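# Commentary on secondary and tertiary structure
One-letter residues, chain by chain:
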Amino acid sequence: MSTTLLQPAFADPVLDAQRSFRAALKALAGPGVAQPLEQAPPLEGLAPASYALCLALLDVDTPLWLAPAFDTPMIRANLTFHCGCAMVSRREQARFALLDDSELGDLQGFDPGNDRYPDQSCTLLIQLDQLDGGRPLAWRGPGIQHENRVALPLSDGFWSERDAHNNFPRGLDAFFLAGHSVIGLPRNTRISHVNPTKIGRAHV
């Protein structure tokens, strides 16, 4: 590994990792509501929120699959050095996957866990340019009082793929990341279309 590729990580590794981990838990506990992730410095190719979540969640026990957009010497060197995670070439081997929007039309191969060990599924870390600007959808389920209107800039293909790979308790949890913010989408959140006459302000 070339030391010229290594960049700073958390200024305070313990406290910043704890803050980022708590933000991730809060994002999953309240699906559709953006949470701040501001602890990580910039890293070429990754949004600060993406880098922070990787630093908080990845370790030697969490093999990572990188989409081609993130499979760069800079990202590989820093995640390997700071997190200690193994990079895997097959989706089936990954506990986490770092994706961009070009990969969301095909989720085949990512492990949804099994009925006995649903927690062994792969978690998707999805970096987007922004967390709004798409078609509003209604999110309902645990952690949501009534419904949250969320307008992620995603194609219908992603939602079809998500449905095809979710069969609770098996399924794929996801985090959507842009800038310094994260939105959580656990597998048990139900997604539906919004009546155009009732569209209100998105909760993101």
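Worth saying up front: this structure is predicted, and the values here are computed from it rather than measured. (Residues numbered from 1 in each chain as written. Predicted model: local features only at pLDDT ≥ 70, side-chain atom pairs only at ≥ 80, totals over all residues. Heavy atoms only, no water.)

## Some thoughts on helix α3 (residues 73–83)
Where we set the bar: Type-normalised accessible area, obtained with a 1.4 Å probe on protein chains alone, sets the label of each residue: buried when under 20%, exposed when over 50%, and partly exposed for intermediate values. Secondary structure elements follow DSSP: runs of H or I no shorter than four residues count as helices, runs of E no shorter than two count as strands, and numbering proceeds from the N terminus. In what follows, residue pairs with any heavy atoms lying within 4.5 Å of each other are defined as contacts.
Within α3, the full set of buried residues consists of Met74, Ile75, Ala77, Asn78, Leu79 and Cys83. Close packing links the buried residues of α3 with α2 (48–57) and β2 (64–66). Gly84 sits one or two residues past α3 and shows a positive phi near 80 degrees.

## Quick look at the packing of helix α1 (residues 13–29) against α2
For clarity, the threshold we go by: The axes used here are C-alpha line fits, helices contributing only the stretch in contact, and every angle between their N-to-C directions lies in the interval 0 to 180 degrees. For classification, angles of less than 35 degrees are called roughly parallel, those exceeding 145 degrees roughly antiparallel, those between 65 and 115 degrees roughly perpendicular, and all remaining angles oblique. In the scheme used here, Gly and all other residues not listed as nonpolar or charged are polar, with Ala, Val, Leu, Ile, Met, Phe, Trp, Tyr, Cys and Pro taken as nonpolar and Asp, Glu, Lys and Arg as charged.
Viewed as axis vectors pointing N to C, α1 and α2 meet at an angle of 100 degrees, and their least axial separation amounts to 8 Å. Between α1 and α2, the angle falls in the class roughly perpendicular. Between α1, through Ala17, Ser20, Phe21 and Ala24, and α2, the contact on the second element is made entirely by Ala52, Leu53, Ala56 and Leu57. For the contact of α1 with α2, the per-class residue count stands at 7 nonpolar, 1 polar and no charged.

## Topic: the nonpolar core
Applied cut-off: For this analysis, a nonpolar core means a set of buried residues of the types Ala, Val, Leu, Ile, Met, Phe, Trp, Tyr and Cys, connected via side-chain atoms within 4.5 Å.
Of all hydrophobic cores here, the largest spans 61 residues; its most connected members are Leu99, Leu124, Trp139 and Phe176. With near-sequence residues (within four places) excluded, Phe176 lies in contact with Ile126, Leu128, Leu131, Trp139, Leu152, Leu154, Phe158, Ser181, Val182, Ile183 and Leu185.

## Points about the packing of α2 against α3
Keep this limit in mind: Left-handed describes a crossing whose near helix is turned anticlockwise from the far helix through less than a right angle; right-handed describes the clockwise counterpart.
It is the contact of α2 with α3, at a shortest axis distance of 9 Å, that shows an interaxial angle of 35 degrees. Judged by the twist between their axes, the crossing of α2 over α3 is right-handed. Side by side, α2 and α3 meet where Tyr51, Cys54 and Leu55 of the first sit next to Asn78, Leu79, His82 and Cys83 of the second. Counted by class, the contact of α2 with α3 contains 5 nonpolar, 2 polar and no charged residues.

## Describing the sheet that holds strand β8 (residues 181–185)
Operational definition: Here the rule is simple: two strands pair whenever DSSP picks up at least two bridges between them.
Here we have 6 strands laid out as an open sheet, ordered β1-β8-β7-β4-β3-β2, and mixed in their pairing. The strands lining the two open edges of the sheet, one partner per strand, are β1 (35–36) and β2. The pairing of strand β3 (residues 96–99) with strand β4 (residues 123–127) spans 4 bridges and is parallel. Paired with Leu98 across the bridge in β4 is Leu125.

## Things to note about the side chain of Arg162
Definition in use: The sign given to each residue is positive for Lys and Arg and negative for Asp and Glu; His and the chain ends receive no count. Between Lys or Arg on one side and Asp or Glu on the other, a salt bridge is scored when a side-chain nitrogen of the former is within 4 Å of a carboxyl oxygen of the latter. Any N or O atom pair separated by 3.5 Å or less is treated as a polar contact, with the protein-specific requirement of one donor-capable and one acceptor-capable atom, and with residues adjacent in sequence counted only for side-chain atom pairs.
Summarising the element assignment, Arg162 is placed in helix α4 (residues 156–164). As a buried residue without a salt bridge, Arg162 has its nearest oppositely charged side chain in Asp163, at a separation of 4.4 Å. A distance of 2.9 Å separates a polar side-chain atom of Arg162 from the backbone oxygen of Pro186. Here Arg187 takes part through its backbone oxygen, which lies 3.4 Å from a polar atom of the side chain of Arg162. Sequence-distant contacts of Arg162, that is, excluding residues within four places in its chain, are made with Leu107, Leu185, Pro186, Arg187, Asn188, Thr189 and Ile191.

Worth remembering: the numbers are spatial, not functional.
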